[in-house]
Structure formats: structure tokens, C-alpha cells
There are 2 protein chains.
Amino acid sequence: MHYELYYWPNIQGRGEFVRLALEEAGADYSDMARLEGHGKGIEGIVQILENTKPGSPPFAPPFLKAGKLIIGQTANILQFLGLRLGLVPTANSKQIWAHQLQLTIADFVSEIHDVHHPIAGSLYYKDQKREARRKAVYFLKERVPKYLDYFERILISNTGKSPYTLGRRLSYVDLSLFQIIAGLRYAFPKKMKRLESSYLGLVMLHDKVASRPNIAAYLASERRIPFNEYGIFRHYPELDA
Amino acid sequence: MHYELYYWPNIQGRGEFVRLALEEAGADYSDMARLEGHGKGIEGIVQILENTKPGSPPFAPPFLKAGKLIIGQTANILQFLGLRLGLVPTANSKQIWAHQLQLTIADFVSEIHDVHHPIAGSLYYKDQKREARRKAVYFLKERVPKYLDYFERILISNTGKSPYTLGRRLSYVDLSLFQIIAGLRYAFPKKMKRLESSYLGLVMLHDKVASRPNIAAYLASERRIPFNEYGIFRHYPELDA
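Residues numbered from 1 in each chain as written. Chains lettered and ligands numbered in written order. Predicted model: local features only at pLDDT ≥ 70, side-chain atom pairs only at ≥ 80, totals over all residues. Heavy atoms only, no water.

A. Quick look at the sheet that holds strand β1 (residues 3–6) of chain A. Residue and element names in this part refer to chain A. On the basis of which strands lie adjacent, the open sheet formed by four strands has the order β2-β1-β3-β4 and mixed pairing. Of all strands in the sheet, those with a lone pairing partner are β2 (29–31) and β4 (69–72), marking the two edges. Averaged over all pairs of adjacent strands, the angle between strand axes in this sheet comes to 20°, irrespective of strand direction. Taken together, the four bridges between strand β3 (residues 63–66) and β4 define a ladder with antiparallel strand orientation. Along β4, the bridge assignment pairs lysine 65 with isoleucine 70. (Pairing = 2+ DSSP bridges. Helix = DSSP H or I, 4+ residues; strand = E, 2+ residues; numbered from the N terminus. Axes fitted to C-alpha atoms, helices over the stretch in contact; angles between N-to-C directions.)

Here's what the structure looks like:
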């Protein structure tokens, strides 16, 4: 099957969690908003969002077109793709567990975003910088360790079987945790330098994922958009206390 | 099957979306933290969260015990229960769509919570009141209409079939949208009074759900915890501009 991913063309953002899954699996896909032509570019995104015909308009990107289906919400897309691309165990209980972990990653991603946008998504960072500085203190002291402790504990409880989160094989959850570590390192390098020795399972998982052939090729390609100050993970030194 | 729900005993919170599904279906369940005894009360929640044995410790309540499974994340629980309790259509494409809507509701719920906690969940409201007042202006002007427009549009596109969101029958998405309208009315009565005439589909859905026999009985019972200023939907008049 040919998949069409619709996401903003200039950021990794939430779309990156889907891109990583498609790339690892070597799936046949188009990153539609990065292409030109009818139904492509940012116009392609807007056309689907504004379609008023009965059906399933998504609330926001990313969304995936797979045949007639249009699927929104990152974790929902990964649940769908995981099954089809062999990126999740086949037992139903494991799929529920993988999805639960992905939804917890989604919560973390929202909190990471809101550190630089504590007041409103429609305001520039500079117009909420004071509140962001205050929020960042609590985020780095309380929330980052809480989430990383949790995922480290999950990884450790699977040690012996593999460096991955679920059983012996890589899953989409591992790809997303790779992105979390890479993103936190970009956004909060000082804090991560101090923290990483407590999260060796996550660091090893990051390295293991980065060295997988398809992911390594992807990261070295132009398809991997560099981190920047328009996405989820932004490096503002004043927030990295 | 007997279900065990684990959630804070003194608030509706995220647990309420699960309670509504269990109540509508007349499911056999225990609201564990509201009971006394071994493995019950708040201790019952903590024991599962702190269990270090390999398995599936959830990150936070609510979580549901169903036989040997422990399922965390509200939308994940509803996806699981929806199938078993007949609260979602049987076609796979409709289940993906229902889940996508539920995840969008989850995003809205997080934003509703963060209005009164823009800086940190660990701080009291009074210690982030200034930031909350600033955030509430944007939330009510931009975010509430954006989400309500979206859900109203979905409802309208299903009109003719039923007052519900998906096809002819009630789904867990409808129960959650009932809770959104009820909660917004509690938290922001002035704003909602001005807005409601633009969202007649959602208002009708709210009334339709509230009048279903099992839901009406639940709402009139002591099992329905009243809204209060510890949950997601809080009434702080200074935020209801």
C-alpha cells in the first residue's frame, strides 16, 4: 500500500513520530506537504481540513491517507501503522500496552511544547517568555524526571530480552522514545547532560535505534528536517537552566 | 466480566469519561478508590502505580483492571471498553474514527485543565492565578470555539441519521461530548451562555445523553461526584470573562 502523510513541511513536530515508523519499515509513502502539485504542499493539508463533506475530517495534522481512510491523531496513526508495518507485537494485550505507552509519550510531547507556549499557541514565544521561564523550572525539575523515570523503569523491566521496550523486537514505541531523547538533547542540552547517567536504558535505546540501517540512512538524508525553533523541541538557552 | 476502575475518589476528572461508559452500558464494575479494604481506596491506586514487577504499570490514573489486563490512558480504556460494551460501531474504520475523535477530546480536556494550571500541576491555583487569567482570555476566545466548531461540524454531518456523532447509535464519543458540555457550563457559565446558540447540535446531544435512562439514574445518584475545584472543570469566576 502507498501511504500519504500530511504534515507541516518545515518542522519535525508530531509528524516525525509517523515519519520514523514509515522510514524504519521502508514503507512506500509520500510526505505530501513537501511535494509540489495538485493536492500537495500546505494546500493539500488545508483542503482536507476544510472539506465539509460528511466523513472524517481530522482536527489537525498529522494525518495519514491509506486507501480511502484518513486517520488523524499521531498515536492513532501509529496504532494503525504498527499492525500493518510489523512495528508492534501481534498479541492484542501487547498492542493495548504499546498504545498506552504511546499515549503517555503524547502527553509528554504536549508538555514539552507548552514549556515554550504556556499562555497561547497563537502568541509568539517572545510574548510569553516570562511565563515560559517560570514554567521551565518546574518542567525540568519535576516533569522530565517523572516521565524519564517511568520509561526507564519500563525498559529495565524488559532487559534481558532486548534493549527495546516490548519483548524482543523493535516497536513504534522505541522509535518515539528515540525521538524524545534526541529532542530533549537538542532543546535542553545542559539539563540532559546532568540527567543522562540516570537513564542509561533510554540512552542505549536511542543509540540502538539511531544505528538501525533504515533509520541511520533517514537521519543522514534531507528527508530528516533539522530541529529548529518552530517545532516541539526548541532550544532557548534561557529555559535550559 | 467484572471491571475495576481505579481513579481518584473525590473528583470527576478524567475518570468520569470511563464512569459514563460503564454506567451507560450497565456494566458490572467497582470504583475501587471509593471503596474501603485491601487493594481499595487510594492505596489501591498507589499499589498498582508503584508495582515494580515487569508488566504494564500505568503512568497515572485512570486505569482499568479487566481480568489480567491493566489498561491505562482514558482514550485507550474507552477504545477497549467500546468494543466490549457495544459503545462503538463494529466496522474497523468507524472504530479508528471514534478513537481519533476521543483523542481530540483528550487534547481539549488537557487544555481545559491547563487554563487553571498554566505553570505547574504541583502549584496551587492561587500561585499561578496571574498567568491563568492571561491564558483564559486566549482559551475562551480561540480554543473553545475551535474545538466546539469542529465537533458541531462532525455532529451536523451525521444529522438525519441521529442526534449522535457516529451513525445511528450512541457511542462513547457522545458520552464524552456530554461531559465536555456539562463541564464547560460549570466552569465557564457566562461564556457558555453567549456561545451555546452557535452549537445547537452539541446542546441537543448533551440533553439526549442526559435523558438516557442509565445516565439519568447515574447523574441523580451519589455515584456522580459533583463538579468541584479539584478536578478538570473548575469554576473560577475571574477566568470566565
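B. The interface of chain B and chain A, seen in detail. Chain B puts 49 residues into the contact, and the matching count from chain A is 48 residues. Taken over both partners, the interface formed by chain B and chain A buries close to 4,000 Å², and the fraction arising from carbon and sulfur atoms is 54%. Where chain B packs against chain A, one counts two salt bridges. Put simply, chain B and chain A have 26 residue pairs in polar contact (both at pLDDT 80 or more) between them. Elements with a minimum of two residues in the side of chain B that touches chain A: β4 (69–72), α3 (74–85), α4 (92–116) and α5 (129–157) of chain B. Among the residues making up the side of chain B that touches chain A, the classes are represented as 20 nonpolar, 16 polar and 13 charged. (Contact = heavy atoms within 4.5 Å. Buried area = accessible area lost by both parts, 1.4 Å probe. Salt bridge = Lys/Arg side-chain N within 4 Å of Asp/Glu carboxyl O. Polar contact = N/O pair within 3.5 Å; in protein donor to acceptor, adjacent residues only side chain to side chain. Nonpolar A, V, L, I, M, F, W, Y, C, P; charged D, E, K, R; others polar.)

C. Looking closely at the sheet that holds strand β1 (residues 3–6) of chain B. Residue and element names in this part refer to chain B. The mixed open sheet is built from four strands, whose spatial order is β2-β1-β3-β4. A strand with exactly one partner marks an edge of an open sheet, and here the two such strands are β2 (29–31) and β4. Averaged over all adjacent pairs, the angle separating strand axes in this sheet is 20°, with direction ignored. Pairing analysis gives four bridges linking β1 to strand β3 (residues 63–66), with the strands arranged antiparallel. By the bridge assignment for β3, tyrosine 3 is matched with alanine 66. Strands in contact with helix α2 (residues 41–49) are β1, β3 and β4; relative to β3, the strand with the most contacts, it is inclined by about 85°.

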